[in-house]
Amino acid sequence: MRDQWVSDGRGGSFRVRSVGQGPPVVVLHGGGIDSREYERFARALGEHCSVHLYDRRGRPGAPPLGPGHTVEVDVDDLARVLDHVGATRVIGHSGGAFVAARAALRLPVERLAVYDPGISIDGSVATAWFEPYRQAMRSGDTLRAMALVGAGADPDGAAARLPLPLQIAVLRLFVRTPVGRRMREQLPTVETEVGQIIANDAPAEAYAGITATTLLAHGARSASYFGDVCEALAAALPDGSALRIPRASHNAMNIARPAFVEPFAQFLTARTTHTS
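Described below are features of the structure shown in this document. A quick note: this is a predicted structure, and the numbers were derived from the prediction, not measured.

**Describing unusual backbone geometry**
And then number 1: Backbone geometry places Arg247, a non-glycine residue, at a positive phi of 60°.
And then number 2: A positive phi angle is found at Ala256, which is not glycine, with a value near 55°.
And then number 3: One can find Ala256 in the loop between helix H10 (252-255) and helix H11 (258-269).
And then number 4: Judged by relative accessible area, which is 8%, Ala256 ranks as buried.

Okay, here's the thing in structure tokens:
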């Protein structure tokens, strides 16, 4: 991957890693993780277009999360990256999809793709786990915090149905892996990012100002509320369509199997005829 640095306008900078040739596309990673988990997806998509990965604030290669951080700061950061790489096409996953959608309300985004969007529509995002997660973080119990985040993000999943002590026992093994260590490192970012998702809960019509041609995709094996959100947004957006991807779970973008990547490659490289 090719590295370049983009100023944040506040004395810091973002490392942007790029791969591929063709129409430029910026990828926004999910919450509680960083862009390293999307390298496989970027390389696969890079066979069709020029893909640009960067880390949002609070990660290595990015400025820190400041006090009073809001999603509008994330949108400002994305605006600088888009301008630097000359992109008007964006794909976001989970919490990154929330940032991407908010950005499309005020930035010149022509094509917007989201997967399992972490957008709260009429209370669709569960909140009961959030305060216990914050308490676990304050007490330094990161394994408990990880278990609460996992169950909160995927309340329909098998892990969420396990007793909490068993979830923690599984996580004790998981954090010995490279990806597990990275997720543990990124736990502090969850409070700010999910807090913003919860604070911006709204009806689907709040996103009706998005004029970009929009693909709202969700996994057949992901939590059911992602599909509900995609369908609600598709009905509210002037140029949005929902897509259910067979056999795909919430981390399908990180696994990046060819059948998963294909619909996004087709969408993000398609000619845009829609104008605002």
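Let us keep going from here.
**Some words on the packing of helix H5 (residues 142-153) against helix H7 (residues 178-185)**
And then number 1: One way to put it is that H5 packs onto H7 with a least axis distance of 10 Å and a crossing angle of 95°. As summarised for this structure, H5 and H7 are arranged roughly perpendicular, according to the angle between their axes. Facing Thr142, Leu143 and Met146 of H5, the residues of H7 in contact are Gly180, Met183 and Arg184.
And then number 2: Among the residues forming the contact of H5 with H7, the class breakdown is three nonpolar, two polar and one charged.

**Some points on the sheet that holds strand E4 (residues 50-54)**
And then number 1: One open sheet accounts for eight strands, arranged E1-E2-E4-E3-E5-E6-E7-E8; its pairing is mixed. In this open sheet, the two edge strands, each paired with only one partner strand, are strand E1 (2-7) and strand E8 (240-245). Neighbour-to-neighbour, the strand axes of this sheet turn through a mean angle of 25°, independent of strand direction.
And then number 2: Pairing of strand E2 (residues 13-19) with E4, which is carried by four bridges, proceeds in the antiparallel orientation. Considered in E4, the bridge of Ser18 is made with His52.
And then number 3: Lying on the sheet, helix H2 (residues 71-85) is in contact with E1, E2, strand E3 (24-28), E4 and strand E5 (89-93); it crosses E1 at an angle near 125°.
And then number 4: Against the sheet, helix H9 (residues 224-236) contacts strand E7 (213-219) and E8, and its axis sits at roughly 160° relative to E7.

Thresholds applied
- Residues numbered from 1 in each chain as written.
- Predicted model: local features only at pLDDT ≥ 70, side-chain atom pairs only at ≥ 80, totals over all residues.
- Heavy atoms only, no water.
- Helix = DSSP H or I, 4+ residues; strand = E, 2+ residues; numbered from the N terminus.
- Buried < 20%, exposed > 50% of the residue type's maximum accessible area, 1.4 Å probe, protein only.
- Axes fitted to C-alpha atoms, helices over the stretch in contact; angles between N-to-C directions.
- Parallel < 35°, antiparallel > 145°, perpendicular 65-115°, else oblique.
- Contact = heavy atoms within 4.5 Å.
- Nonpolar A, V, L, I, M, F, W, Y, C, P; charged D, E, K, R; others polar.
- Pairing = 2+ DSSP bridges.

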